[in-house]
Amino acid sequence: MRIFAPLSIAVLALASLAASSQKAVAPKSPATATQKVAQTPPMGWNSWNFFFGKVTDKDIRDSADQIVATGMKDAGYVYVNIDDTWEGERDANGVLHTNAKFPDMKALADYVHSKGLKIGIYSGPGPKTCAGYAGSLGHEEQDAQLYAQWGIDYLKYDLCSFIPAVMQKQAPDDKAAQMRLMIAAYDKMNKALKATGRPIVFSLCQYGWDAVWEWAPSVGGNLWRTTGDIQPNWDRIYALLEQQAGLKSYAGPGHWNDPDMLEVGNGKLSLAENRAHFSMWAMLAAPLLAGNDLPNMKPEIKAILTNREVIAIDQDPLGKQAGRVYSDGEVEVWSRNLSKGALAIAVLNAGDSRYSTHPFHLDLAKLGLHGPLQAKNLWTGKAVTLTQNMSLEIPSHDVLLVRVGAQK
Ligand code: GLA
């Protein structure tokens, strides 16, 4: 059970405040020239969205097996990430041990590596993690060294108890000082990770506070959560999407906005919603961390998660995140530039009824384009000709995702 439930609500409120008060300044360049990880948005799987606190060593092994067996590995998924609840107690020397669910982390890492995959782990700068397990406060170097000894390739570092235990305690009523403490805590772990000499992806999880996109690269962040937690329902997924408009200039090779892990295949999402969620995360150059039950994945969910052409949008080497170009009623048009002069366009019907905004006409001029344009529908695989003011019928919570070739 979540220990910081009331905190999460405050976190959500502040996160949306932070997201809405974003400043339009140029992103800082990444702190070190040595960062070679995350040149495209990280792809993989994380335990939290399906297993939550129940995850075990066996679940991680089974998921790694499935990433290979389902073809997800071939499609680009590489990180197998253990989220919260693996942690045990510290011994007299301060060395953190795993709990009974994870009997031997080194052996688990070796197993995941033997599949040609990489392994991620989770901690936080506070005394406790969000689920109330041991955090890294005061043991940052020790923990980073331990991760490196185990062979860990990715760390998600979650703020949670650092807020009451350090920020609010050391700087009551001084928000600016609290934020400085938070940034210093992330930098501390960044330096500890760098000191190991092992390339470890550093994932910041502090829900978008203090316009994290402006400073995360300067503390070695390869990705940073821009929002509170995702849930497997359309309203929440759409709410997170809305918070990404305006953030595109902060993403690029080595440093990405993270609107949270995928819920594709979870909850009661319809096929259209799963497709739209995956399409929009690809448009956002978001990390693609699946979070579903891989051993029981339905074929239609596998087909979504392994759509190579949609993944290619996400993984485009230019690393240019999409922006929302315009909305018309509940239909939104997003576009992103791709390498070699290509372009991806997503037309999303965020409305609840199929014809809520009918008829919708695609205004190519607003996208700076002139029709007719030859494009490919990435979900049907069919060619489509885009023309000025063409009428489109997009079902509720579904998307038209197209790739347009190089522009003359
Ligand atoms: C926070 C994070 C989630 C997850 C949980 C684990 O809520 O935002 O992604 O890691 O903690 O306790």
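Here, every reference points to the structure presented above.
Model, not experiment: these values are computed from the prediction.

**Observations regarding unusual backbone geometry**
Okay, so step 1: Between Gly371 and Pro372 the backbone carries a cis peptide bond, its omega angle lying at -10°.
Okay, so step 2: By the element assignment, Pro372 lies in the loop between β14 (360–362) and β15 (373–377).
Okay, so step 3: In this model, Ala38 sits at a positive phi of 55°, which is unusual for a non-glycine residue.
Okay, so step 4: If you trace the backbone, Ala38 turns up in the loop between α1 (5–20) and β1 (43–46).
Okay, so step 5: Despite not being glycine, Tyr207 has its phi angle at roughly 65°, a positive value.
Okay, so step 6: Relative to the helices and strands, Tyr207 resides in the loop between β7 (201–205) and α9 (212–215).

**Details of the sheet that holds β15**
Across a sheet, paired strands are connected by hydrogen bonds in the backbone, their directions being either parallel or antiparallel.
Okay, so step 1: Sheet architecture is open: six strands sit in the order β11-β12-β13-β18-β15-β16, paired in antiparallel fashion. The two strands at the open ends of the sheet, each matched to only one other strand, are β11 (323–328) and β16 (383–386). Within this sheet the neighbouring strands show an average axis-to-axis angle of 30°, counted without direction.
Okay, so step 2: Bridging between β15 and β16 involves four bridges; their strand directions are antiparallel. Within β16, the residue paired with Gln374 across the bridge is Thr385.
Okay, so step 3: Packing of helix α10 (residues 234–242) onto the sheet brings it into contact with β11, β12 (331–337) and β13 (343–349), and relative to β12 it is tilted by some 50°.

**What to know about the site of the ligand**
Okay, so step 1: What surrounds the ligand is a group of 14 residues, the closest being Asp83, Asp84, Lys156, Asp158 and Asp229.
Okay, so step 2: Asp84 is positioned such that a nitrogen or oxygen atom in its side chain is 2.8 Å from an oxygen atom of the ligand.
Okay, so step 3: With respect to the ligand, the side chain of Arg225 contributes an N or O atom lying 3.1 Å from an oxygen atom.
Okay, so step 4: For the ligand, the accessible surface in isolation is 310 Å², of which the surrounding protein chains cover 99%.
Okay, so step 5: When grouped by side-chain class, the residues that make up the shell around the ligand number seven nonpolar, no polar and seven charged.

**Some details on the pattern of salt bridges**
Okay, so step 1: According to the stated counting rule, one finds 16 salt bridges in the structure shown.
Okay, so step 2: One salt bridge in this structure joins Lys58 and Asp62, with 2.7 Å as the shortest N-O distance. Of the two residues, Lys58 and Asp62 are both situated in helix α3 (residues 57–69); the distance of four residues between them amounts to about one turn of the helix.
Okay, so step 3: Judged by its relative accessible area of 54%, Lys58 falls in the exposed class.

**Let's talk about α3**
Okay, so step 1: The end-to-end C-alpha distance of α3, which contains 13 residues, comes to 18 Å, matching closely the 18 Å that a straight helix rising 1.5 Å per residue would cover.
Okay, so step 2: The inward-facing, buried residues of α3 abut β1, α2 (48–51), α4 (72–75), β2 (79–81) and α5 (105–114).
Okay, so step 3: Two residues or fewer after α3 comes Gly71, characterised by a positive phi angle close to 90°.

**Here's the deal with the pairing of β13**
Okay, so step 1: Across the seven residues of β13, seven count as buried, placing the element largely inside the fold.
Okay, so step 2: On β13, burial covers both faces: Leu343, Ile345, Val347 and Asn349 on one face and Ala344, Ala346 and Leu348 on the other are all buried.
Okay, so step 3: Note that β12 and β13 share seven bridges and pair antiparallel. Looking at β13, one finds that Glu332 is bridged to Leu348.
Okay, so step 4: Here β12 hands over to β13 after five residues, with Lys340 in that stretch at a positive phi of 60°.

**Structural notes on the nonpolar core**
Okay, so step 1: Residues Tyr77, Trp86, Phe278, Trp281 and Leu305 are the most contacted members of the largest nonpolar core, which totals 97 residues.
Okay, so step 2: The dominant element in this core, judged by the number of residues it contributes, is helix α8 (residues 175–196), at seven residues.
Okay, so step 3: Every residue in contact with Trp281, bar those within four places of it in the chain, is listed here: Ile230, Ile237, Leu240, Leu241, Pro259, Asp260, Leu262, Ala286, Pro287, Leu288 and Asp314.

**Let's talk about the packing of aromatic side chains**
Okay, so step 1: Counted according to the given criterion, the structure contains eleven aromatic pairs.
Okay, so step 2: When the ring of Tyr186 is compared with that of Trp215, the centres are 6.4 Å apart and the planes differ by 50°; the resulting orientation is tilted. Remark: Trp215 occurs in helix α9 and Tyr186 occurs in helix α8; sequence separation between them is 29 residues. Each member of the pair, Tyr186 together with Trp215, is buried.
Okay, so step 3: Of the aromatic side chains, those joined through ring pairs into one cluster are Tyr157, Tyr186, Phe202 and Trp215.
Okay, so step 4: Of note, Lys366 hangs over the ring of Tyr326, and the distance from its end group to the ring centre comes to 4.6 Å.

**Focus on α5**
Okay, so step 1: Taken residue by residue, α5 has Met105, Leu108, Ala109 and Val112 as its buried positions. What you see down the axis of α5 is that its buried residues fit within an arc of 100°, all on one side.
Okay, so step 2: Residues of α5 that are buried sit in contact with α3, β2, β4 (96–98), β5 (118–123) and α6 (140–150).
Okay, so step 3: The N-terminus of α5 is capped by Asp104, whose side-chain oxygen sits 3.2 Å from the backbone nitrogen of Lys106.
Okay, so step 4: Just beyond α5, the residue with positive phi is Gly116, at close to 80°.

**Focus on the environment of Glu273**
Okay, so step 1: Tracing the backbone through its elements, the reader meets Glu273 in helix α11 (residues 271–283).
Okay, so step 2: Taking the C-alpha atoms as reference, Glu273 lies 9.6 Å from Ala350; in sequence the two are 77 residues apart.
Okay, so step 3: Ignoring anything within four residues of it in the chain, the contact list for Glu273 reads Trp234, Lys268 and His397.

Calculation criteria
- Residues numbered from 1 in each chain as written.
- Predicted model: local features only at pLDDT ≥ 70, side-chain atom pairs only at ≥ 80, totals over all residues.
- Heavy atoms only, no water.
- Helix = DSSP H or I, 4+ residues; strand = E, 2+ residues; numbered from the N terminus.
- Pairing = 2+ DSSP bridges.
- Axes fitted to C-alpha atoms, helices over the stretch in contact; angles between N-to-C directions.
- Contact = heavy atoms within 4.5 Å.
- Near = heavy atom within 4 Å.
- Polar contact = N/O pair within 3.5 Å; in protein donor to acceptor, adjacent residues only side chain to side chain.
- Areas by Shrake-Rupley, 256 points an atom, 1.4 Å probe, with all protein chains shown as cover.
- Nonpolar A, V, L, I, M, F, W, Y, C, P; charged D, E, K, R; others polar.
- Salt bridge = Lys/Arg side-chain N within 4 Å of Asp/Glu carboxyl O.
- Buried < 20%, exposed > 50% of the residue type's maximum accessible area, 1.4 Å probe, protein only.
- Expected span 1.5 Å × (residues − 1).
- Core = buried A, V, L, I, M, F, W, Y, C linked by side-chain atoms within 4.5 Å.
- Phe/Tyr/Trp six-rings, centres within 6.5 Å; stacked < 30°, edge-to-face > 60°.
- Lys NZ or Arg CZ within 6 Å of the ring centre and 35° of its normal.
- Arc of directions from axis to C-beta.

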